[in-house]
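Take a look at the letters that make up each chain.
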Number of protein chains: 2
Amino acid sequence: MLGKMMHRPLRISDILEFAADAFPTAEIISARTEGDIHRQTYPETRDRVCQLAHALQKLGVEMGDRVATLAWNGYRHFELYYAVSGIGAVCHTINPRLSVEQLIYIVNHADDRLIFVDTTFVPLLEAVQEHLPKGLTYVIMTDRDHMPATSLVGALCYEDLLKGQPQRMDWRDFDENTAAGLCYTSGTTGHPKGALYSHRSNVLHAMMIAVTLGNTFREGQKVLPVVPLFHVNAWGLPYAGPMAGLSLVMPGPALDGPSLFKLMDQENVYSAWGVPTVWLGLLAEIKEQGRKPNGFGDVVIGGSAAPRSMIEAFEKMDVSVGHAWGMTEMSPVGTHGTLPSFTNDWPLEKRLDLKQTQGRRVFGVELKIVDDDGERLPNDGKAVGELFVRGNAVVAGYYNNDEATAEALDEEGWFGTGDVASIDKDGYLTIQDRAKDLIKSGGEWISSIDLENAAMAHPSIANCAAIGVPHPKWDERPILVAVPTDSERVTLEELHELLSEHFAKWQLPDDIVWVDELPMTATGKVSKLNLRKALADYKHPEVH
Amino acid sequence: MLGKMMHRPLRISDILEFAADAFPTAEIISARTEGDIHRQTYPETRDRVCQLAHALQKLGVEMGDRVATLAWNGYRHFELYYAVSGIGAVCHTINPRLSVEQLIYIVNHADDRLIFVDTTFVPLLEAVQEHLPKGLTYVIMTDRDHMPATSLVGALCYEDLLKGQPQRMDWRDFDENTAAGLCYTSGTTGHPKGALYSHRSNVLHAMMIAVTLGNTFREGQKVLPVVPLFHVNAWGLPYAGPMAGLSLVMPGPALDGPSLFKLMDQENVYSAWGVPTVWLGLLAEIKEQGRKPNGFGDVVIGGSAAPRSMIEAFEKMDVSVGHAWGMTEMSPVGTHGTLPSFTNDWPLEKRLDLKQTQGRRVFGVELKIVDDDGERLPNDGKAVGELFVRGNAVVAGYYNNDEATAEALDEEGWFGTGDVASIDKDGYLTIQDRAKDLIKSGGEWISSIDLENAAMAHPSIANCAAIGVPHPKWDERPILVAVPTDSERVTLEELHELLSEHFAKWQLPDDIVWVDELPMTATGKVSKLNLRKALADYKHPEVH
C-alpha cells in the first residue's frame, strides 16, 4: 500500500529559491578574475540566475542539452550551476587542469552545445578550438568592459546575455531523476568517464551533508570552498551551503597560502574546504604570520588522505579537522571525520587516531568491504578488502559509456571504489590504498598511504609518495620519493628509525629519492602513474 | 535525459541503522508507566527493533497491514515506529484523548490488525472491546511482571514477544512511497480523517527539519518531546532526532509543570517541544522555583499560536523560542520561528514581533495565499487569504476516504489548510485565524487569535478564547471567554484600554465571560466548536 502524500520532484532550483527567501542577507563573495572582491546576496543571485535561465532558453538550450563551464570559483560559475539545471539542461563542469587531449575528448564526448569560459582560460580554448564541436557557442564570463580580444568564433559576453531578461522564473517541473550535472573523472588510465548527476542525487546529497556536518552548516557562517566548482560540485557546497544559510567565499584563481590567508582573514571565514596540498601552503603562511586567519575554526580535508601531522597542526590551533573521503562517483562525500561529542574530552592523541582515519559514513551512504570472491568481510578493523558503496548519490554507471557502465556495479548493485580498506567496529573507515597503488613485496601487501603519512612527520619532508619498484627477488620493494623542505634532509637510517615504531622491517622503504616536485593529477592528487613513468629508469640500490 | 545515479528507496529503517552506527552512546531516556526512568542507547534500540520486527512477522503482519498504538511517549512506542514501518506495515498512532465514539470509528476505519497499548489505556480498550474488529490482537506494552489482569481477549505481553528473536534484520527494499504511518485528524466536524504518511515523506520531513532547525538538531544534545508520539509523529522528532544524533527524553504520562521541570532538570534537557498549554504549566513551576531547569535553552512551541507574553517569558530567561506552525496533514512542520543570525543584536521587542508570527517556511514546504476566487495574493504583509501548501511531506488526500480526498487539493495540486493568513515580504507567515473561527462584525473580519494574544498579556487572564456571538445588528460581535488567575480580574473597561493600542474600537470584545476552564480538543487546542456549543444560551449584553 502506498502513502497518500504529494510527490514533488526534488529540484535544484528549489534550493536557491529557498535561500533567497530564508537568508536574504547571506552572500556569495567572490575574488574575481577582474581583480576585485564582488559581493551579492542570495536574492540578488536568484534574480541573476533567472535572467541567465531565460537567456539560455533564448539561445535554444533544451532539456538534456549539455552546457559546459571552464571557470574558477566565483558567483557566475555558481549561477550557471542553478540556471542550467533549473531549465532541465546539464551543467558540465570541465577541469582546466586536464591535459589538452582529455579536454578535447571530453567536450566532444559530452557533445556540449555551449561553453562558458573565464577570461583566464580563453587562450586554452583558442588553442584547441579547431578540435571542438563545430556548433559550439562560446560565452566569456565577464562584462563588456573586460571582454578580451579573442579568436573564439562568435564569442558572447556573459553580462550582455543577462541584460533585460526577467528576474523571475516559473521553474518547470520534471522527473527528479532528470540529469543536472556532468563531471568527468580525471582518469589515470584510459579516457575520462562521466558521472551524470541528477536533481534527486544532488538535492539528497546536499541534505545528507548538511544534516551530518552540522558544525559547518550553521546559518550565518562563512565557508570558503578551495575545492573547485569545476570538479565534483565543489564537494556539494554550492547546494548545501545555500540550503543551510551559509555565505560562500569564492577564492577565484589565487589558491596559494598567502592569498588564501588574506581572503580568509578579511572575510572572517569559519570553514575552508580543500585538498591536503592547499593546506600545506596555508599552514606555511600561518607559521610565517604567527597566527591563524581571523575567525578560522573548521577545515574539511579530502581528495587524498591528510597526513597526521597536518591534522595535528590544525587541531592544535583550535581548527577542527573534518577529514572526509569521497569520489567523483559519489557526488562526492562518502565519509567524514567529525567526531561525536563524547570524544571531546579525550586526549589529543586518541582523537588524532580517529581523525586520521577516513571517518564514518554520512547519512545516506552505505559501505561494505569484500574479499576477492565478493564475500563480505567483517567490520573489525583488521579485515582488509575492496570497498563498495551504495546510496542515492552514488553513480549507477557512466554517461554514454556502456563498457564502463557494465563494470561499475557488483551483482548486488554496489559501486566498486577501487580502494582497499578496512572498517572498524565503530564504523571508522581506513583507506589502505588504491588497489593499484598497493605495493606487493614477497607476496605481502604494503600500504603506500601508511608509509607516506608516517614519513610526512619528519620536518625535512614537505611532501612524499611511496611507490613500488621492481625487484628481482621480492617482486616489488617500496621506495619513498620526497620533496625536501629547508631543513636538513633525513637519512634513510633516520627514516627507518622514525618508521620502525609503526612498521615491520620488511615494510620499510629501501631508498629515498629526492625530487623538486611530485607530478600531480588534475584534481590535486599525486599522480603515481606519472611518478612510476618518471622513475622508469630507476634502479633499486641492491640492483644498482 | 535522466541522470545515471543509483535509486535507493528512502526508508525509515535506514535512519535507526545510521543512528546506531554513528551515535552509539546517544540514548532514549523514558519515564516509564512502570514508574522508573529507563535508558537505552540507539544500538540497543536497534537490537530490540529488529526483535520486534521479527515478532510482528511471526504474528503474520504483512506489507500494508495497520498496526495501532495507544501509548505515551516512551522507548517501546519509539520501537513500534521503526519495527512496524521497517517491515512495510503501517504504524497507526491513536490519540487516547479522542472521544470513545471517535476511537471506535478510527480503529474500525483503519481496520487495524494489532493494537499495542500502554497499561494506562487498557481499561479504555476494555470498555470498547465489543465495538472493535473481531480479529484484533491486543499487545500490552510492558513486561510479564507488570502485566495487568485484563478482559482484553488473548492479550499478549510486549517483552515476551521480543524474547529470543534475532537482533539483526535485513530490512527489505520496497517502493519509497510505501505507506509507513497513519494519523487521524481530531476533526472538529464529521469523522476523523486519516493522513497516510510514506517512507519518502517521513524521511524527507526529517531531513527538512534537521537542516532548517540546526540549533536544535546538534549531535549530543537532549531533546524532550512533550508533543505526543500518538499524534503527527511527535512533530518528526522520532525520525529527525536519531538522524542528527540527539538523545530523546520521553516524559511518559506526567506532563504537568512540576513533573516536566524535574525530568528536564535531572536530564539536562536542552530543547523541549510542545503546545502552549504545556508551557503555561512549566512557566508556573519555573516561577515557583525561581530558576529554569538545568541546561534548558530552546523551546519549540506549536499546535496553536503562542501568546507574545509566553514567548517573552522564555526569551527573557535565555530560552530561545522556535514558534512553529504545521498540521497533521503536513507531517507536520510547515514554518518555524528561528530567526536568522543578523537579527541577534536587534532589540527584544523587534525580535518578539517576528517570533510572534508563525515564522518562515522550512526547506521543502511552499506556501501561497489566495482570494475567494483562488487567485494568488501578494506576500506584502497586508493581503489576507486562505493558505495553501505544497511539498513532499504534505498529504495528497486521506486514507480510504474518497470524499475528503476529492476536496483536499486545489486545481494546481496545493493543499487547502483552512487557515486564513498573511505573509510578509520576508516570508513571515501570520495565521489570522482558522477560516471558520474568524468573527464577522458588520461585514468586516476580526481575528480571534489577535484578540486572544493581546488579552493574554493581562496578569488576571490565565487562558482565553475570543469567539463571535450572534448579534441582531452587526451579525456577529466578539466576546472574550477567559480563565482567571489569582490576580484581581480585569474589567471590560480596563481590557479595552489594554487592547485599544492594537485594535480599532469596533474590533474590541463586547463582554468578558469568566469560566473555570476552556474545552480542549484531543490535541490540546481550545475547542471553539465546543465553546460555542457551551455558550449556546449566551445573550449579548445589549440584547440581555
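Counting restarts for each chain: residues are numbered from 1 in the order of the written sequence. The lettering of chains begins at A and the numbering of ligands begins at 1, in the order of writing. Reporting in this predicted model follows two pLDDT cut-offs: at least 70 for local features of residues, and 80 or more for side-chain atom pairs to be given and counted; totals over whole chains, interfaces and linings ignore these cut-offs and use all residues. Computation of side-chain values covers all heavy atoms of the structure but excludes hydrogens and water.

Caption draft 1: Region of the structure containing the relation of the copies chain B and chain A. We place the copies in one frame by least squares, fitting the C-alpha atoms of every residue whose pLDDT is at least 70 in both. Overlaying chain B with chain A gives an RMSD of 0.1 Å, the required rotation being 180° about an axis along which the chain moves by 0.0 Å. In short, the pair behaves as if placed about a two-fold rotation axis. Among all residues of chain B, the minimum C-alpha distance to the rotation axis is found for B:Val211, at 2.8 Å. Contacts are residue-level and defined by heavy atoms, with any inter-residue pair within 4.5 Å sufficient. Here 100% of the contact residues of chain B are again contact residues in chain A; the copies associate through an equivalent surface.

Caption draft 2: Focus on a negative patch on the surface. Residues qualify for a patch when their relative accessible area is over 30% and they have no salt bridge, like charges being joined within 9 Å and the nonpolar side chains of Val, Leu, Ile, Met, Phe, Trp and Tyr within 5 Å. Areas reported as accessible are Shrake-Rupley estimates using a 1.4 Å probe. Residue values count occlusion only from the protein chains shown. Salt-bridge detection follows one rule: a side-chain nitrogen of Lys or Arg within 4 Å of a carboxyl oxygen of Asp or Glu. Counting rule for charge: Lys and Arg are taken as positive, Asp and Glu as negative, and neither His nor the chain ends is counted. By convention, charge coordinates are those of NZ in Lys, CZ in Arg, CG in Asp, or CD in Glu. On the surface, A:Asp372, A:Asp373, A:Glu375 and A:Glu386 cluster together to form a negatively charged patch. Numbering of helices and strands runs from the N terminus, with a helix taken as a DSSP run of H or I at least four residues long and a strand as a DSSP run of E at least two residues long. With respect to the helices, strands and loops of the structure, A:Asp373 is situated in the loop between strand E18 (365–370) and strand E19 (385–391).

Caption draft 3: Expanded view of the sheet that holds strand E1 (residues 27–31) of chain A. Residues and elements named next belong to chain A. What the seven strands build is an open sheet, ordered E2-E1-E11-E10-E12-E13-E14; its pairing is mixed. Edge positions in the sheet fall to strand E2 (37–41) and strand E14 (320–323), since each of these pairs with one other strand and no more. Taking the axes of each pair of neighbouring strands and ignoring which way they run, one obtains an average angle of 20° across the sheet. Only strands joined by at least two bridges in the DSSP assignment are considered to pair. By the bridge criterion, four bridges tie strand E13 (residues 298–301) to E14 in an arrangement that is parallel. By the bridge assignment, Val-300 is partnered in E14 with Gly-322. Where helices are involved, their axes are fitted lines through C-alpha atoms of the stretch in contact, as for all axes, and angles between N-to-C directions lie from 0 to 180°. Sheet strands in contact with helix H11 (residues 308–316) are E13 and E14, and its direction is about 145° off that of E14.

Caption draft 4: Inspection of empty space enclosed by the protein at higher detail. In this analysis a 1.4 Å probe is tested at points of a 1 Å grid over the protein atoms alone, and where it fits but cannot get out there is a cavity; an open set with protein on both sides within 12 Å along at least five of seven lines is a pocket; lining residues have an atom within 4 Å of a point. Grid points are joined across faces, edges and corners, and a volume is the space filled by probe spheres set on the points. By the definition in use, this model includes 11 cavities of 30 Å³ or more. Around the largest cavity, the lining comprises 17 residues; the ones closest to its centre are A:Gly364, A:Asn392, B:Pro9, B:Leu10 and B:Asp14. Residues are grouped as follows: Ala, Val, Leu, Ile, Met, Phe, Trp, Tyr, Cys and Pro are nonpolar; Asp, Glu, Lys and Arg are charged; every other residue, Gly included, is polar. Residue composition of the lining of the largest cavity, by class: eight nonpolar, three polar and six charged.

Caption draft 5: Looking closely at the packing of helix H2 (residues 42–58) of chain A against helix H3 (residues 75–86) of chain A. Residue and element names in this part refer to chain A. Relative orientation of the contacting elements H2 and H3 amounts to 60°, with a least axis distance of 9 Å. If you check the angle between H2 and H3, you find them oblique. For the pair H2 and H3, the sense of crossing is right-handed. Residue-level inspection shows Tyr-42, Thr-45, Arg-48, Val-49, Leu-52, Ala-53 and Leu-56 of H2 in contact with H3, the latter providing Tyr-75, Arg-76, Phe-78, Glu-79, Leu-80, Tyr-82, Ala-83 and Val-84. What sets the label is the angle itself: under 35 degrees gives roughly parallel, over 145 gives roughly antiparallel, 65 to 115 gives roughly perpendicular, and the rest give oblique. In this scheme, a crossing is called left-handed if the near helix is turned counterclockwise away from the far one by less than a right angle; it is called right-handed if the turn is clockwise.

Caption draft 6: Structural detail: helix H14 (residues 448–455) of chain A. Residues and elements named next belong to chain A. Residue burial is assigned from relative accessible area. The probe radius is 1.4 Å, only protein chains are included, and a residue is buried under 20% of its type maximum, exposed over 50%, and partly exposed in between. Burial runs high along H14: seven of the eight residues are buried. All buried positions along H14 are accounted for by Ser-448, Ile-449, Leu-451, Glu-452, Asn-453, Ala-454 and Ala-455. N or O atoms within 3.5 Å of each other form a polar contact, as long as, within protein, one can give a hydrogen and the other can take it, and as long as residues adjacent in sequence are counted only when both atoms are side-chain atoms. Capping the start of H14 is the job of one residue whose side-chain oxygen sits 3.4 Å from the backbone nitrogen of Ile-449: Ser-447.

Caption draft 7: Representation of the interface of chain B and chain A within the structure. Each partner contributes residues to the interface: chain B has 69 residues there, and chain A has 69 residues. Defined in terms of a 1.4 Å probe, buried area is the accessible area two parts forfeit on being brought together, summed over both. Taken over both partners, the interface formed by chain B and chain A buries close to 5,500 Å², and the fraction arising from carbon and sulfur atoms is 63%. Summed over the shared surface of chain B and chain A, the number is six salt bridges. Between B:Asp21 and A:Arg361 there is a salt bridge, with its nearest N and O atoms 3.1 Å apart. Among the elements of the structure, helix H1 (12–22), strand E9 (194–198), helix H7 (199–212), strand E17 (360–361) and strand E19 (385–391) of chain B are those that each provide at least two residues to the side of chain B that touches chain A. Element by element, the count of residues in the side of chain B that touches chain A is highest for H7(B), at nine residues.

Caption draft 8: Up close: the sheet that holds strand E3 (residues 66–70) of chain A. Residue and element names in this part refer to chain A. If you walk across this open sheet you meet the seven strands as E7-E6-E5-E3-E4-E8-E9, and the pairing is mixed. The sheet terminates laterally at strand E7 (156–157) and strand E9 (194–198), the two strands that pair on one side only. Judged from the three bridges that link them, strand E4 (residues 90–93) and strand E8 (residues 179–184) form a sheet pairing that is parallel. Looking across to E8, one finds that Thr-93 is bridged to Cys-183. Of the strands in this sheet, E8 and E9 are in contact with helix H7 (residues 199–212), which crosses E9 at around 75°.

Caption draft 9: Layout of the packing of helix H1 (residues 13–22) of chain A against helix H8 (residues 237–244) of chain A. Residues and elements named next belong to chain A. It is at 8 Å that the axes of H1 and H8 come closest, and there the two elements cross at 35°. The two elements H1 and H8 cross, and the hand of that crossing is left-handed. Contacts between H1 and H8 involve Ile-15, Phe-18 and Ala-19 from the former and Tyr-239, Pro-242 and Met-243 from the latter. A per-class count over the contact of H1 with H8 returns six nonpolar, no polar and no charged.

Caption draft 10: Examining the pattern of salt bridges more closely. Inspection of the entire model under this criterion finds 64 salt bridges over all chains. Among the ionic pairs, A:Asp65 bridges to A:Arg113, the shortest N-O distance being 3.1 Å. With A:Asp65 in the loop between H2 and E3 and A:Arg113 in the loop between helix H4 (100–110) and strand E5 (114–117), this residue pair connects regions lying 48 residues apart in the sequence. A:Glu315 is the salt-bridge partner of A:Lys355, the closest N and O atoms lying 2.7 Å from each other. A residue pair is termed long-range when its members are at least 10 positions apart, and A:Lys355 in helix H12 (residues 348–355) and A:Glu315 in helix H11 qualify at 40 residues. What makes A:Glu315 buried here is its relative accessible area of 15%. Members of the salt-bridge network, linked through shared partners, are A:Arg8, A:Arg11, A:Asp14, A:Asp173, B:Glu366 and B:Arg390.

Caption draft 11: Geometry of the environment of A:Leu282. Residues and elements named next belong to chain A. Counting through the fold element by element, Leu-282 comes out in helix H10 (residues 276–289). Relative accessible area serves as the criterion here: at 0%, Leu-282 is assigned to the buried category. Counting along the chain gives 26 residues from Leu-282 to Asp-256, while the straight-line C-alpha distance between them is 7.2 Å. Setting aside its immediate chain neighbours within four residues, Leu-282 contacts Gly-257, Leu-260, Phe-261, Met-264 and Phe-296.

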